[in-house]
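So you can see what is in the structure, the chains are spelled out below.
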Amino acid sequence: MKQLGDNLYQIALMPRSSMNVYVADGIVFDAGSRLETGRLLKALRGQTITDHVLTHGHPDHQGASRAICENFGVPLACGEGDADAVSTGEIVRTMPDSTLSRMMAKIGGPAQQVSRRLQEGDMVGSFTVIETPGHSPGHVVFWRESDRVLILGDVFLNMSLLTTIPGLHEPPRPFTPNVGENRNSARKLLGLRPALVCFGHGPPLRDPNKFEAFINALPD
Ligand SMILES: [Zn+2]
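Caption draft 1: Highlighting the sheet that holds strand β1 (residues 2–5). Pairing in this open sheet of 7 strands is mixed, and the strands run β1-β2-β3-β4-β5-β6-β7 from one edge to the other. With one partner strand each, in any of the chains shown, β1 and β7 (116–118) form the two edges of the open sheet. Here the average twist between neighbouring strands, direction ignored, is 25°. Of the strands in this sheet, β6 (76–79) and β7 touch helix α4 (residues 80–88), which is tilted by about 130° from β6.

Caption draft 2: Up close: the sheet that holds strand β10 (residues 140–144). Sheet architecture is open: 5 strands sit in the order β8-β9-β10-β11-β12, paired in mixed fashion. Where the open sheet ends on each side, the last strands, each with one partner, are β8 (123–124) and β12 (196–199). In terms of strand pairing, β8 meets strand β9 (residues 127–131) through 2 bridges, oriented antiparallel. Its bridge partner lying in β9, methionine 123 is registered against threonine 128.

Caption draft 3: Looking closely at helix α3 (residues 65–72). Among all positions of α3, only Ser65, Arg66, Ala67, Ile68 and Cys69 are buried. On its buried face, α3 is in contact with β4 (27–29), α1 (37–44), β5 (51–53), α2 (59–62) and β6. A positive phi of about 65° marks glycine 73, the residue just after α3.

Caption draft 4: Up close: the environment of proline 203. Counting through the fold element by element, proline 203 comes out in the loop between β12 and α7 (208–216). Considered as a pair, proline 203 and alanine 12 are 191 residues apart in the sequence and their alpha carbons are 8.9 Å apart. Discounting residues that sit within four places of it in the chain, proline 203 has contacts with Ser17, Asn158 and Pro166.

Caption draft 5: Spatial organisation of the pairing of strand β3 (residues 20–24). Burial analysis of β3 places 5 of its 5 residues in the buried class, which makes it a mostly covered element. Side chains Asn20, Tyr22 and Ala24 project from β3 onto one buried face, and the interleaved Val21 and Val23 project onto a second face that is buried too. Relative to β3, strand β2 (residues 8–12) runs antiparallel, the two being bridged by 5 bridges. The residue bridging glutamine 10 from the neighbouring strand is tyrosine 22, located in β3. In this sheet, β4 lies alongside β3 in antiparallel orientation, the contact comprising 3 bridges. Paired with alanine 24 across the two strands is isoleucine 27, which belongs to β4. Between the antiparallel neighbours β3 and β4 lie 2 residues, among them aspartate 25 with a positive phi of about 55°.

Calculation rules
Residues numbered from 1 in each chain as written. Predicted model: local features only at pLDDT ≥ 70, side-chain atom pairs only at ≥ 80, totals over all residues. Pairing = 2+ DSSP bridges. Helix = DSSP H or I, 4+ residues; strand = E, 2+ residues; numbered from the N terminus. Axes fitted to C-alpha atoms, helices over the stretch in contact; angles between N-to-C directions. Contact = placed C-beta atoms within 7 Å. Buried ≥ 20, exposed ≤ 12 C-beta atoms within 10 Å, placed from the backbone.

Printed below as a string of structure tokens:
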């Protein structure tokens, strides 16, 4: 675990921060793919974990969710719009219907009952939930005002998935059911001016101007 800030840690499950899990306030944010379950549990060994939450229910984020919940005996929370898919394990429903999505779903984890369905303004530890649908129907981000930390999930990425070179990019279209809605969700984050942005994919960003410039440049 790498400390990023006050009571905030990154677990990079793959090289170059290409798949990330975060831990803050005893809460595990996201769970990587099923293939990284052993690595994630090892990284969490010895930690006091009280909750597990997801930014969204895609297979590269809920892969080890059941393992985390069973291992630590903790409940799972995610956005209302993804909760049914995560609870039933039909995570392919959080993505556009395509052969690629069905292939991608194979790296996802088994069904895990969602016991808390998050909505705008809910609190998760010291973080406030902001609904950001588009990349999945129930995508949410987590905002901690006190030190301006934003756990962004995949509203956008800080790496190229092809080259792994860092840089801000919209999430891949084949896995984003509503591109326009995702852009509107990104615009909703204008004005937060996060001191630290934690991405599902790519290294952390500590540049609020770059964050805002990227959002402002998104097409309508
Ligand atoms: Zn992702």
